[in-house]
Amino acid sequence: MLSERMLKALNEQVTKELFSAYFYLGIAAYFKEKGFDGFATWMEAQAEEELGHAMRIYDYIFDRGGRVELGRIEKPKQDFESPLKAFEAVYLHEVGVTESIYRLVDIAEEEKDRATYQFLQWFVEEQVEEEATAKAIVDKLRIIGDNPNGLFMLDRELGQRGPKLRSLLMQPGQ
């Protein structure tokens, strides 16, 4: 059974993860509008991943006998000065998510909730990857600068990672 404090914190994290999905969709819309379909595709895949993170916590709450309470999701920013500024926002967002996950781990330790502590280790590892990926893209964009050829190549590279949910939902005959 989850303590009230842990349950509240996990519910807040579900909302944060859902906001993350919304955040990435907002940036995807920015990139689509600007003609960067590869960057948009990467952001859409990221949005799906964040939705998966929310569902993982959502399911865990129920597995532990808790009650899910969804919170309000704020409107995300959709306008950026450049692809670099958009990915810098992504990196800073992921740093904030990492801090939020660490707070959950701290609560689990304080509450001696070993099951939740163990459950959260996946998220700790995931955030290392999330931050590293965002930082690597920011670094590449800083090198590229305003070079159209470089932006085109990176857009094409990032477009290789596409969302899966849309294609599953749009399959004919289902």
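The preceding data block contains the structure.
Residues numbered from 1 in each chain as written. Predicted model: local features only at pLDDT ≥ 70, side-chain atom pairs only at ≥ 80, totals over all residues. Heavy atoms only, no water.

Asks: I'd love a proper account of the pattern of salt bridges, names of residues and values included.
Replies: Counted by the stated rule, this structure contains 11 salt bridges. As a salt-bridge pair, Glu88 and Arg142 come within 3.0 Å of each other at their nearest N and O atoms. With Glu88 in helix α3 (residues 83-110) and Arg142 in helix α4 (residues 114-144), this pair connects stretches of sequence that are 54 residues apart. The exposure class of Arg142 is partly exposed, given its relative accessible area of 49%. In this structure, a network of salt bridges that share partners links the residues Arg5, Glu110 and Glu111. (Salt bridge = Lys/Arg side-chain N within 4 Å of Asp/Glu carboxyl O. Helix = DSSP H or I, 4+ residues; strand = E, 2+ residues; numbered from the N terminus. Buried < 20%, exposed > 50% of the residue type's maximum accessible area, 1.4 Å probe, protein only.)

Asks: Give me the lowdown on the packing of aromatic side chains, citing residues and values where you can.
Replies: Evaluated as defined, the whole model comprises 14 aromatic pairs. Ring centres of Phe39 and Phe87 lie 5.6 Å apart, and the angle between their planes is 75°; this geometry places the pair in the edge-to-face category. Of the two residues, Phe39 is situated in helix α2 (residues 37-63) and Phe87 in helix α3; the sequence distance between them amounts to 48 residues. Exposure remark for Phe39: the relative accessible area of 0% places this residue in the buried category. A centroid spacing of 5.1 Å and a plane angle of 75° characterise the contact between Tyr58 and Phe62, whose relative ring orientation is edge-to-face. Within this pair, Tyr58 and its partner Phe62 are both found in helix α2, separated by 4 residues, close to a single helical turn. Phe62 sits in the partly exposed class, given a relative accessible area of 43%. Members of the aromatic cluster, joined through ring pairs, are Tyr30, Phe31, Phe36, Phe39, Trp42, Phe80 and Phe87. The ring of Trp122 has Arg56 lying over it, and the distance from NZ or CZ to the ring centre is 3.7 Å. (Phe/Tyr/Trp six-rings, centres within 6.5 Å; stacked < 30°, edge-to-face > 60°. Lys NZ or Arg CZ within 6 Å of the ring centre and 35° of its normal.)

Asks: Please set out the environment of Gly145 residue by residue, giving values where relevant.
Replies: Relative to the assigned elements, Gly145 resides in the loop between α4 and α5 (148-158). Judged by its relative accessible area of 35%, Gly145 is partly exposed. Separated by 61 residues in sequence, Gly145 and Leu84 place their C-alpha atoms 8.1 Å apart.

Asks: Kindly report on the nonpolar core, identifying the contributing residues and their values.
Replies: Of all hydrophobic cores here, the largest spans 25 residues; its most connected members are Ile27, Phe31, Phe39, Met43, Phe87 and Val90. Of all the secondary structure elements, the ones that give two or more residues to this core are α1 (4-34), α2, α3, α4 and α5. Of all the elements, α1 adds the most residues to this core, at 7 residues. Those residues in contact with Met43, other than ones at most four positions away along the chain, are Tyr24, Ile27, Ala28, Phe31, Phe87 and Val90. In this structure, Leu2, Ala9, Val97 and Val124 belong to the second largest nonpolar core, which totals 21 residues. (Core = buried A, V, L, I, M, F, W, Y, C linked by side-chain atoms within 4.5 Å. Contact = heavy atoms within 4.5 Å.)

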